[in-house]
Each structure stands twice: as C-alpha cells, then as structure tokens.
Amino acid sequence: MKDAYKKSPGRPRSASSHQAMLKATLELLAEVGFEKMSMDAIATRAGVGKTTIYRRYANKDELVADAIESVREEIRVPDTGSFWGDMDALIENAAQITLTPLGKQAVTMIISSASSNAKFARVYWEKYLLPRKQAFASIIERAKVKQEVASDVDAGLVFDTMSGIMLYALIFPPEEAWTDYIRRALKLVLRPMPK
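Treat the numbers as computed from the prediction; the structure is a model and nothing was measured. (Residues numbered from 1 in each chain as written. Predicted model: local features only at pLDDT ≥ 70, side-chain atom pairs only at ≥ 80, totals over all residues. Heavy atoms only, no water.)

(A) Summary view of helix α1 (residues 15-36). A rise of 1.5 Å per residue sets the reference length of α1, with its 22 residues, at 32 Å; its end C-alpha atoms lie only 26 Å apart and thus fall more than 12% short of the reference. At Ala30, α1 shows its maximal kink, close to 90°. (Helix = DSSP H or I, 4+ residues; strand = E, 2+ residues; numbered from the N terminus. Expected span 1.5 Å × (residues − 1). Bend = angle between axes of the 7 residues up to and from the residue.)

Printed below as a string of structure tokens:
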C-alpha cells in the first residue's frame, strides 16, 4: 500500500516552472550566448531551484534544445501550385520571422554561439535546421516531378545556399528589399528548365 503513494519518475513537473525555465534559457541565450550561460543563472532568472532544472534535464545542452524546440514554429510546406510561388511563400515567411528586432537579435546569438560552441551548433542543427532542410527538399522533389527544376538539382545544397544568402543579406543589407534580393539570388542558383 505504501508503494501506491510513491511518485513515478516520469511525473510531470509544474508547467509554470517549466515555462519559466525555457523563457529564462532563451533570454540568456540572447544576452550572453550558450558558452557563458550557466544553469545557476537560468535557475535564478526562472525563479526555481537548480535541482528543479536537473530533475528535467541532464545538462545545459538538453535544456537549450528544449527551449529552441519550444519556440520553433510548426513547419508548413507551402503548395501554391508552382515552384516559384512556393519559394515566394518561404521567403516571405522567413522575412516575417527574421526581419524584426527580436529576429535579428536571435540570428546574432545563433551565429555567435554556433561558431564558438560545437555542442550548441549540433543542437541547433538537429532541432531547428534539419527539419526545415527536409521540408525544403520535399518542395524541390515536387518541382522535379513537375519539371520546374532540373532533375539533378541538389536540394540540400540549394537550402544551404539560400540560408547563406539570407544571413549575408541580414548582416549586410542590400540596397533593394531583402525579399527581392533573396529571390534574385535564388533565380541565379535555380535557372528554369530549358524549354
């Protein structure tokens, strides 16, 4: 009978404490970066004990991964009926997320943390970039079937190129609109199929 009152190891913790942990983690990531952020600082900012954090997470990597996951928007694969319509939808969505003060701050933090810490780079790649790269590949595959792009287009390389162009244009803003610049650059990379 005594065992019936034991807490199960997987018992959910306070939802408000958990949200406070995730929020504190994201704020500190933006302020000091992954390397300088400590579990003590997260606990203090969240208003919880460090043991509360360690009941949920074995280490900082796991906590950061969960924090990134918590703000990741659901990945929507556009299907406008044309490849360039899909590209326009993706570019517009990226602009809405990135071209805000918070978006620019997040990009700065990500670049800084990922370039100086391999663990953070891996977590960000697995939790954020890889699912988007896979979704992008499905758009390219659909365009190949419809013969809108060449059959030998490397979807992964196009995604990496597009990501690089977006970051470059964010750090060094072009004279034209950010979205127009991205479209124009992509059209150089993805020339239409010959008629």
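(B) Summary view of the pattern of salt bridges. The tally for this structure, following the rule as stated, stands at 13 salt bridges. The salt bridge partner of Asp160 is Lys133, with a shortest N-O separation of 3.0 Å. Of the two residues, Asp160 is situated in helix α8 (residues 155-171) and Lys133 in helix α7 (residues 118-145); the sequence distance between them amounts to 27 residues. For Lys133, a relative accessible area of 19% gives the class buried. (Salt bridge = Lys/Arg side-chain N within 4 Å of Asp/Glu carboxyl O. Buried < 20%, exposed > 50% of the residue type's maximum accessible area, 1.4 Å probe, protein only.)

(C) Quick look at the environment of Thr161. For Thr161, the location among the structural elements is in helix α8. Judged by its relative accessible area of 28%, Thr161 falls in the partly exposed class. For the pair Thr161 and Ala185, spaced 24 residues apart in sequence, the C-alpha separation works out to 9.4 Å.

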